[in-house]
Amino acid sequence: MMPGRGAFAVTVPLVLLALGGCMSMVASFTADFAEDLGDAILDNPDVEMVQEGAPAYLLLVDAMVQKSPDNPELLAQSARLNSAYATAFVSDPQRARLLAASALGAMERSVCLGMKNACDLRTRPYADYEAWLSGRTDKDVAELYQLGSVWAGWIQANSDDFAAIAELGRVKALMARVAELDPGYDYGGAYL
């Protein structure tokens, strides 16, 4: 006996609700995995092993971003890892610039998606940028710090470009706000 139309009408929404819950769990697991992976890479004391193994993990995280391009946590992890790798291990200036640009683009997208009124921070008038920074609270520290770190890495990779150097004031203001909100965050990394 075939179920009636009423049973079908009840079953479809239940299945869609269950699938939505599963997708939410998968997205959460993926973001958590990427964060744990990033922490394991950045906290590993064997620098040589990290240098040799990190490219495979960078590609893995970037593949996860391709599957979830609007996930701010994945974008931030991709930015964080690509920036750290470019800064620590890439000696070819052109490769370092490419990785740093990719990292900054991912971090800008992450912040734009994850924070209120945070798009176009690099190009908005400086007075508006300062006003936006002054409105940030201690709940924003992690994102602000990651943005500042990745942005500073991009400036370092482009240190022969006066336009890049001109953005240093924005990074300094950003890190000053992080230090004001949480002076001990990342062992006082904002002061560096």
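What counts and what doesn't
Residues numbered from 1 in each chain as written. Predicted model: local features only at pLDDT ≥ 70, side-chain atom pairs only at ≥ 80, totals over all residues. Heavy atoms only, no water. Phe/Tyr/Trp six-rings, centres within 6.5 Å; stacked < 30°, edge-to-face > 60°. Helix = DSSP H or I, 4+ residues; strand = E, 2+ residues; numbered from the N terminus. Buried < 20%, exposed > 50% of the residue type's maximum accessible area, 1.4 Å probe, protein only. Axes fitted to C-alpha atoms, helices over the stretch in contact; angles between N-to-C directions. Parallel < 35°, antiparallel > 145°, perpendicular 65-115°, else oblique. Left-handed = near helix turned anticlockwise from the far one by under 90°. Contact = heavy atoms within 4.5 Å. Core = buried A, V, L, I, M, F, W, Y, C linked by side-chain atoms within 4.5 Å. Expected span 1.5 Å × (residues − 1). 1 Å grid on protein atoms, 1.4 Å probe; cavity = no way out; pocket = protein on both sides within 12 Å on 5 of 7 lines; lining within 4 Å. Points joined across faces, edges and corners; volume = space filled by probe spheres on them. Nonpolar A, V, L, I, M, F, W, Y, C, P; charged D, E, K, R; others polar.

*Asks:* Would you mind showing me how to read the packing of aromatic side chains here?
*Replies:* Each aromatic ring pair is described using two quantities: the centre-to-centre distance and the angle formed by the ring planes. All told, the structure shown has four aromatic pairs when counted by the stated rule. On the numbers, 5.4 Å between centres and 50 degrees between planes, the contact of Tyr85 with Phe89 is tilted. Linking Tyr85 with Phe89, this pair stays in helix H3 (residues 72-89), spanning four residues, or about one helical turn. Between Tyr126 and Tyr129, the ring centres sit 5.8 Å apart and the planes meet at 40 degrees, which makes this aromatic pair tilted. With Tyr126 and Tyr129 both in helix H5 (residues 126-134) and three residues apart, this pair spans about one turn of that helix. Exposure remark for Tyr126: the relative accessible area of 34% places this residue in the partly exposed category.

*Asks:* What is the right way to read the packing of helix H2 (residues 47-67) against H3 from this model?
*Replies:* Two numbers describe a pair of packed helices, the interaxial angle and the distance between the axes. The geometry of H2 relative to H3 is characterised by a closest axis approach of 10 Å and an angle of 150 degrees between their N-to-C directions. Taken together, the axis directions place H2 and H3 in an arrangement best described as roughly antiparallel. In the packing of H2 onto H3, the handedness of the crossing is left-handed. Together, Val47, Val50, Gln51, Ala54, Pro55, Leu58, Val61, Asp62, Met64 and Val65 of H2 and Leu74, Leu75, Gln77, Ser78, Leu81, Asn82, Tyr85 and Phe89 of H3 make up the contact between the two elements.

*Asks:* Hey, could you run me through the nonpolar core in this one?
*Replies:* Inside soluble globular proteins, nonpolar side chains tend to come together where they are buried. One finds Leu147 and Trp151 to be the most contacted residues of the largest nonpolar core, which totals 45 residues. Within the residue set of this core, elements represented by two or more residues are H2, H3, helix H4 (93-114), H5, helix H6 (141-157) and helix H8 (168-181). Of the residues forming this core, the biggest block, nine residues, is contributed by H6. Contact partners of Trp151, with chain neighbours within four places excluded, come to Leu104, Leu121, Arg122, Tyr129, Glu167, Arg170, Val171 and Leu174.

*Asks:* What's the story with H6 in this structure? I'm lost.
*Replies:* In an α-helix there are 3.6 residues to a turn, and that puts residues three or four apart on one side. Compared with the 24 Å implied by 1.5 Å per residue over 17 residues, the 24 Å span of H6 between its first and last C-alpha is a close match. With twelve of 17 residues buried, H6 is to be regarded as a mostly interior element. Considered for burial, the residues of H6 that qualify are Val141, Leu144, Tyr145, Gln146, Leu147, Gly148, Val150, Trp151, Gly153, Trp154, Ile155 and Ala157.

*Asks:* Is there a simple way to think about the layout of surface pockets in this case?
*Replies:* The method is simple in principle: a probe with the dimensions of a water molecule rolls over the atoms, and the space it marks as empty is what remains. Reported here for the largest pocket is a volume of approximately 850 Å³. Around the largest pocket, the lining comprises 25 residues; the ones closest to its centre are Tyr145, Ser149, Val150, Met175 and Asp186. Mapped by element, the contributors of at least two residues to the lining of the largest pocket are helix H1 (5-43), H3, H6 and H8. With eight residues, the top contributor of residues to the lining of the largest pocket is H6. A class-by-class count of the residues in the lining of the largest pocket yields twelve nonpolar, eight polar and five charged.

*Asks:* Is there a simple way to think about the environment of Asn158 in this case?
*Replies:* Of note, Asn158 is situated in the loop between H6 and helix H7 (162-165). In this structure, the C-alpha to C-alpha distance between Asn158 and Leu98, residues 60 residues apart in sequence, is 9.9 Å. Setting aside residues up to four positions removed in sequence, Asn158 forms contacts with Arg97 and Ala164.

Nothing here speaks to function; it is all geometry.
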